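Per-entry structural report
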Amino acid sequence: MVKNDIRNIPGFSYTEIDGVVHKFLNGDNGHERWKEIYQRLDKIGARIKGLGYITDVSNVLHDIGEEDKGNALYHHSEKLAIAFGLIGTPEGTPIHVIKNLRICGDCHTVAKLISKAYDRVIIIRDRARFHQFEGGECSCQDYW
Ligand SMILES: [Zn+2]
Ligand SMILES: [Zn+2]
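Residues numbered from 1 in each chain as written. Chains lettered and ligands numbered in written order. Predicted model: local features only at pLDDT ≥ 70, side-chain atom pairs only at ≥ 80, totals over all residues. Heavy atoms only, no water.

**With respect to the confidence of the model for the protein chain**
Caution applies to low-pLDDT regions: their predicted coordinates should not be interpreted in detail. Of the residues in the protein chain, 82% reach a pLDDT of 70 or more, and the chain-wide mean stands at 86. Segment residues 61-66 is flagged for pLDDT under 50; beyond a separation of four residues in sequence, or across chains, it makes 10 contacts in the model. (pLDDT = per-residue confidence, 0-100. Contact = heavy atoms within 4.5 Å.)

Written out as structure tokens, the structure is:
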């Protein structure tokens, strides 16, 4: 059983592919291709662990009151949107994501690593600013 705290603001992200807007909630399985998306996330996880990625659980604490916690960290909406972007667009295409809340540190780290591992530009506009991930770095220099 997953406990839901109604005080949490649900985090969600959008990405647009071929003129169609796809919306993802945290831990979402409402998308028609959600199985494929989660399979891809597993592959992404394995690949970026090879680049030294360790899930940063400290972000779970920082996000109190702002976003779902626990294992939802791994399935934050922007991760789903990025995974779907990798599935749904040709290699080399920049992936654009819009997020309603501030991106958490773990998603920020993951986005950097994906930009390097998959050689993709990832642009995330969160509540506060733009992040452009490229070659393992973000345009915000990790200040946000
Ligand atoms: Zn996150
Ligand atoms: Zn950034």
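**Thoughts on the packing of aromatic side chains**
Applying the stated criterion across every chain yields a total of 3 aromatic pairs. Look at phenylalanine 12 and tyrosine 14: their rings are 5.6 Å apart centre to centre, the planes differ by 85°, and that puts the pair in the edge-to-face class. For tyrosine 14, a relative accessible area of 31% gives the class partly exposed. Relative to phenylalanine 84, the ring of phenylalanine 24 lies with its centre 5.8 Å away and its plane at 55°, an arrangement referred to as tilted. You can see phenylalanine 24 sitting in strand 2 (residues 20-25) and its partner phenylalanine 84 sitting in helix 3 (residues 77-88), a full 60 residues away along the chain. Its relative accessible area of 2% is what places phenylalanine 24 among the buried residues. (Phe/Tyr/Trp six-rings, centres within 6.5 Å; stacked < 30°, edge-to-face > 60°. Buried < 20%, exposed > 50% of the residue type's maximum accessible area, 1.4 Å probe, protein only. Helix = DSSP H or I, 4+ residues; strand = E, 2+ residues; numbered from the N terminus.)

**Focus on the coordination of the zinc ion (ligand 2)**
With distances of 2.0 to 2.3 Å, the protein atoms coordinating the zinc ion (ligand 2) are His108 (NE2), His131 (ND1), Cys138 (SG) and Cys140 (SG). One can describe the donor arrangement at the zinc ion (ligand 2) as tetrahedral, given that its 4 donor atoms subtend angles of 102 to 113° at the metal. In terms of primary sequence, the donors binding the zinc ion (ligand 2) are separated according to H-x22-H-x6-C-x1-C. Comparing histidine 131 with cysteine 140, the two get one shared label, buried. (Donors = N, O, S within 2.8 Å, 3.2 Å for Na, K, Ca; no water. Tetrahedral: all angles 85-135°; square planar, octahedral: opposite > 155°, others 65-115°.)

**Digging into the pattern of salt bridges**
Summed over all chains, the structure comprises 4 salt bridges. A salt bridge links arginine 33 to glutamate 36; the shortest N-O distance between them is 2.9 Å. With a relative accessible area of 30%, arginine 33 lands in the partly exposed category. Of the charged contacts in the structure, one is a salt bridge between lysine 79 and aspartate 106, with a shortest N-O distance of 2.8 Å. Of this pair, lysine 79 sits in helix 3 while aspartate 106 sits in helix 4 (residues 105-117), and the two are 27 residues apart along the sequence. Judged by relative accessible area, which is 0%, aspartate 106 ranks as buried. (Salt bridge = Lys/Arg side-chain N within 4 Å of Asp/Glu carboxyl O.)

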